[in-house]
Amino acid sequence: MVDGEVRELIRRRGLDPFTDPGPVRLLVRDVVADYSERALTSALPPIGDADSVVRDVLDRVAGFGPLQRYLDDPEVEEIWVNEPGRVFIARRGRSELTTTILAPGELADLVERMLRTSGRRIDMSTPFVDATLPDGSRLHVVIPDITRRHMAVNIRKFVLQAHSLDELIALGTITVQAARFLEASVAAGLNVLVSGGTQAGKTTLLNCLAAAIPAQERVITCEEVFELRVPLPDVVAMQTRQPNLEGAGEIPLRRLVKEALRMRPSRIVVGEVRQEECLDLLIALNSGLPGMCTLHANSAREAVVKMCTLPLLAGENIGTAFVVPTVASSVDLVVHVGTDPSGQRRVREIVALPGRAEGGVIETADVFTTRDGRLVRAPTATRRTPTGSPPAASTSPGCWHDRAVGMTQSGALLGLLFGLGALLIWRSGPRAPQRPTTPRRPGRTQQLLGAAGLTGINPAQLLALQVGLGLLVLVVVLVTTGTVTVSLAFGLFGFAVPYAQVRRLAAKRQADLREVWPEVVDNLSSAVRAGMSLPEALAALGTRGPEVLRPPFARFAADYRSTGRFGPGLDRLKAELADPVGDRIVETLRVAREVGGTDLGRVLRTLATFLREDARARAELETRQGWVVSAARLAVAAPWVVLLLLATQSTTLSAYDTPLGTVILVGGGAVCLVAYRLMLRIGRLPQDVRVLQ
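Source: prediction; values computed, not measured.

About the criteria used
Counting restarts for each chain: residues are numbered from 1 in the order of the written sequence. Restriction of local features to residues with pLDDT of at least 70 applies here, the model being predicted, together with a cutoff of 80 or more for giving and counting side-chain atom pairs; totals for whole chains, interfaces and linings are based on all residues. Side-chain measures were taken over the full set of non-hydrogen atoms in the model, leaving aside hydrogen atoms and water. A pair of strands is treated as paired once DSSP finds two or more bridges between them. A run of H or I in DSSP counts as a helix once it spans at least four residues, and a run of E counts as a strand once it spans at least two, with each numbered from the N terminus. A fitted line through C-alpha atoms represents every axis, and for helices the fit uses only the stretch in contact; the resulting angles, taken between N-to-C directions, go from 0 to 180 degrees. The contact criterion used throughout is that any non-hydrogen atoms of two residues lie within 4.5 Å. We call two directions roughly parallel when the angle between them is under 35 degrees, roughly antiparallel when it is over 145, roughly perpendicular when it lies between 65 and 115, and oblique otherwise. Should the near helix be turned counterclockwise from the far one by less than a right angle, the crossing is left-handed, whereas a clockwise turn marks it as right-handed. Relative accessible area decides the class of each residue, using a 1.4 Å probe on protein chains only: under 20% of the type maximum gives buried, over 50% gives exposed, and in between gives partly exposed. Residues with no salt bridge and a relative accessible area higher than 30% make up the patches, which join like charges within 9 Å and nonpolar side chains (Val, Leu, Ile, Met, Phe, Trp, Tyr) within 5 Å. Residue-level accessible areas treat just the shown protein chains as cover; the underlying method is Shrake-Rupley with a 1.4 Å probe. Note on definitions: salt bridges are taken to be side-chain nitrogens of Lys or Arg within 4 Å of carboxyl oxygens of Asp or Glu. Two kinds of site are reported from a 1 Å grid over the protein atoms alone, namely cavities, where a 1.4 Å probe fits but cannot get out, and pockets, open sets with protein on both sides within 12 Å along at least five of seven lines, and residues are called lining when an atom falls within 4 Å of a point. Grid points are joined across faces, edges and corners, and a volume is the space filled by probe spheres set on the points. Residue classes follow a fixed rule: Ala, Val, Leu, Ile, Met, Phe, Trp, Tyr, Cys and Pro count as nonpolar, while Asp, Glu, Lys and Arg count as charged, and any other residue, Gly among them, counts as polar. Neither His nor the chain ends contribute to the count of charged residues, in which Lys and Arg are positive and Asp and Glu negative. A charge is said to be at NZ when it belongs to Lys, at CZ for Arg, at CG for Asp and at CD for Glu.

### Here we look at the sheet that holds strand β17 (residues 374-377)
(1) Moving on: One open sheet accounts for nine strands, arranged β9-β8-β10-β11-β7-β12-β13-β16-β17; its pairing is mixed. What marks the edges here is a single partner per strand, and that holds for β9 (235-239) and β17. Each strand of the sheet is rotated relative to its neighbour by a mean of 20°, with strand direction disregarded.
(2) Moving on: In the sheet, strand β10 (residues 267-270) pairs with strand β11 (residues 291-296) via three bridges, with the strands oriented parallel. When the sheet's bridge partners are listed, Ile268 is paired in β11 with Gly291.
(3) Moving on: Contacts from helix α8 (residues 202-211) reach β7 (192-196), β10, β11, β12 (333-339) and β13 (345-352), with the element oriented near 170° to β11.

### A look at the packing of helix α1 (residues 2-13) against helix α2 (residues 21-40)
(1) Moving on: Interaxial distance between α1 and α2 falls to 10 Å at its minimum, and their mutual angle equals 135°. The pairing of α1 with α2 is recorded here as oblique in orientation. Both α1 and α2 take part in a crossing whose hand is right-handed. Two secondary-structure elements touch here, α1 through Val2, Glu5, Val6, Leu9, Ile10 and Arg13 and α2 through Val24, Leu27, Val28, Val31, Val32, Tyr35 and Arg38.

### Regarding the side chain of Ser562
(1) Moving on: Positionally, Ser562 belongs in helix α18 (residues 550-563).
(2) Moving on: Among the residues examined, Ser562 registers a relative accessible area of 1% and is labelled buried.
(3) Moving on: The contact partners of Ser562, leaving out residues within four places of it in the chain, are Arg7, Ile10, Arg11, Pro17 and Val61.

### Remarks on a nonpolar patch on the surface
(1) Moving on: Taken together, Leu463, Val467, Leu471 and Phe495 make up a surface patch of nonpolar side chains, about 330 Å² in accessible area.
(2) Moving on: Considering each element in turn, the nonpolar patch owes the most residues, three residues, to helix α15 (residues 459-481).
(3) Moving on: Considering the arrangement of structural elements, one finds Phe495 in helix α16 (residues 484-529).
(4) Moving on: For Phe495, a relative accessible area of 32% corresponds to the partly exposed category.

### Quick word on the pattern of salt bridges
(1) Moving on: Under the counting rule described, the total for this entry stands at 33 salt bridges.
(2) Moving on: In this structure, the salt-bridge partner of Arg11 is Asp559, at a minimum N-O distance of 2.9 Å. Residue Arg11 is located in helix α1, and its partner Asp559 is located in helix α18; the two are separated by 548 residues in the primary sequence.
(3) Moving on: When its relative accessible area of 3% is taken as the criterion, Asp559 is described as buried.
(4) Moving on: Of the charged contacts, one joins Asp340 and Arg346 as a salt bridge, the two residues approaching to 2.6 Å between their closest N and O atoms.
(5) Moving on: Among the residues examined, Asp340 registers a relative accessible area of 19% and is labelled buried.
(6) Moving on: One network of salt bridges, with partners in common, ties together Glu8, Arg11, Arg12, Asp559 and Arg572.

### A closer look at the pairing of strand β5 (residues 138-142)
(1) Moving on: For β5, the tally of buried residues reaches four of five residues, placing the bulk of the element in the interior.
(2) Moving on: The pairing of strand β4 (residues 128-132) with β5 spans five bridges and is antiparallel. From the neighbouring strand, Val129 faces β5, where its bridge partner is Val141.
(3) Moving on: From the end of β4 to the start of β5, which pair antiparallel, there are five residues, and Gly136 there has a positive phi angle of about 95°.

### Thoughts on the layout of surface pockets
(1) Moving on: Volume-wise, the second largest pocket comes out at about 710 Å³.
(2) Moving on: Together, 33 residues line the second largest pocket, and Gln199, Ala200, Gly201, Thr204 and Arg345 are the ones closest to its centre.
(3) Moving on: Going through the elements one at a time, α6 (165-171), α8, β11 and β13 are the ones with two or more residues in the lining of the second largest pocket.
(4) Moving on: Tallying contributions element by element places α8 first for the lining of the second largest pocket, with four residues.
(5) Moving on: Per-class residue counts for the lining of the second largest pocket are eight nonpolar, twelve polar and 13 charged.

### Some remarks on a positive patch on the surface
(1) Moving on: Residues Arg444, Arg503, Arg677 and Arg681 make up a contiguous surface patch of positive charge.
(2) Moving on: Inspection of the secondary structure puts Arg444 in helix α14 (residues 444-451).
(3) Moving on: Note on Arg444: relative accessible area 68%, which makes it exposed.

### Concerning the sheet that holds strand β3 (residues 94-97)
(1) Moving on: Reading across the sheet, the six strands line up as β3-β2-β1-β6-β5-β4 and stay open at both edges, with antiparallel pairing between neighbours. Looking at strand neighbours, the two that pair on one side only are β3 and β4, the edges of this open sheet. Taken over all neighbouring pairs, the strand axes of this sheet differ in orientation by 15° on average, direction set aside.
(2) Moving on: Here β5 pairs with strand β6 (residues 152-156) via five bridges, running antiparallel. Of the residues in β6, the one forming a bridge with Leu139 is Ile155.

See below:
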């Protein structure tokens, strides 16, 4: 209940929970306080801990639901979801299975809210997505049928435990001698390659190395998603961009590296090299521009081999005869980081490249290497690549016996805990599956009210208005003429007037919308071509669309900001538009959102052309056939106008107050009604039906 009140107030006030966290937090506190006061004097259930309720509501409204507490926990480094009932986190390099269980459909809603601020999308044509959350965390999502059944979600929090090499020393990641060596190397403008496995701390080390860059230098960073935070005054950060819904507008990492060279850089930093962008980076480094980057590799030597392999992906004309000497002369240092079994991240080795290559093999020299678990200075002029694995410690038979006893006791304890957990899960029992509720289709009168733009009136209110007006007309005519039969006839006319007025308003509104729908489709097509996401394109119509359609699209924007759910927002928008063309546009956007592809722009342009031609042809035909409708109305109204004029003579009225007069009035009314409907059917053009509602 509190959740619904907060969302409604956010929608009314036009707040964005992600960009206006302060006002939203105050709003939640006020709503919870008001609910607590009402609970004291009513049958509402009381709130135990107000602060806990405020936090839960904020997590659902302005955060990411059950996952928000892990995002707020500074010790959690990564969150991943294999299925709604299996949510994992990583603390200090170790994974844990949490007790969080997401409801069916909740994971898809969370992913949609996470992608809302990034402007990126995920659908059947692009089943993978990389994005950045508002707090800087990196999001990666894979959807079925790439995965077996459920979405696979990874959230890698950008937990900067260190901002400089001195802080890495304090954490035990690197020794003082190695840190001073790297600091001097970065200041001297050497090209540094940071290698390591996943979650080894490559980005953190790269940030700390970037902090050692002299303050007067201009640094350009290129990344797939924003992760680097270089603490320098003159920094330009760039990230890649997905193609738009027409398949154009993609900005790959290789393009960013090329554009960075035109921005007068003093140093270039690439977040991670994975593909052919390695060639452009090598060319930049070989031209005398200092730079740094990261690379996935198992050792420093393998990182050098990978640097020689990735440029070959750029094209068949790129060969090892060019790449190997370029790598040897461009890369100066390779710093390899790894994770211990305990989860501690450490620099394993630092390797220098003297710049010589013979027989396709690049010569390397160890500068620092790992011995007995410590990073020490390597012997001079070595050309080997150590594994970095510490020698195994010797153990005695007694030690093995004590270890076996300890493992047995630990195994018994773990088995006991596992059995207790299984018992609790079994006692809890499975929840009864809820039948999916299919929304009731609105009745004919409700559809007519919606088409007339009278969404605030329900059929019962319209019926009450008809009955009231009919009784009023009946009483007035009865008092004036004193004839019951004539009073009943005109009372029926009064009863039908509100319904006829609603039909007239619906026809007028549909004709007005028919004129502006091509402009709406053109705006959507332009927004898609410009690279805007579908929610952004629809929300923009609330400010830049046709005047008559701005309110419903503005309410869609407010609704999407408050809930972050695109599908339900489209349903409410379609119900408010209540127009066949609006149904087509909304369902086209829904299919494009779910399936993806590059045909949306072409479909929208074709739809705009069809709507313009249809509106022009319909206007010409309605102009030519307008006399049929006018004649039908005149033919129906003429007899009753004559009857109204005759009502001034009491002798005439008394004739209609007989049984024969009643039969004549009833028969005349039926004939007029049938003739009017028949002439309208002959002269009226076919009307669009809301088959997609």
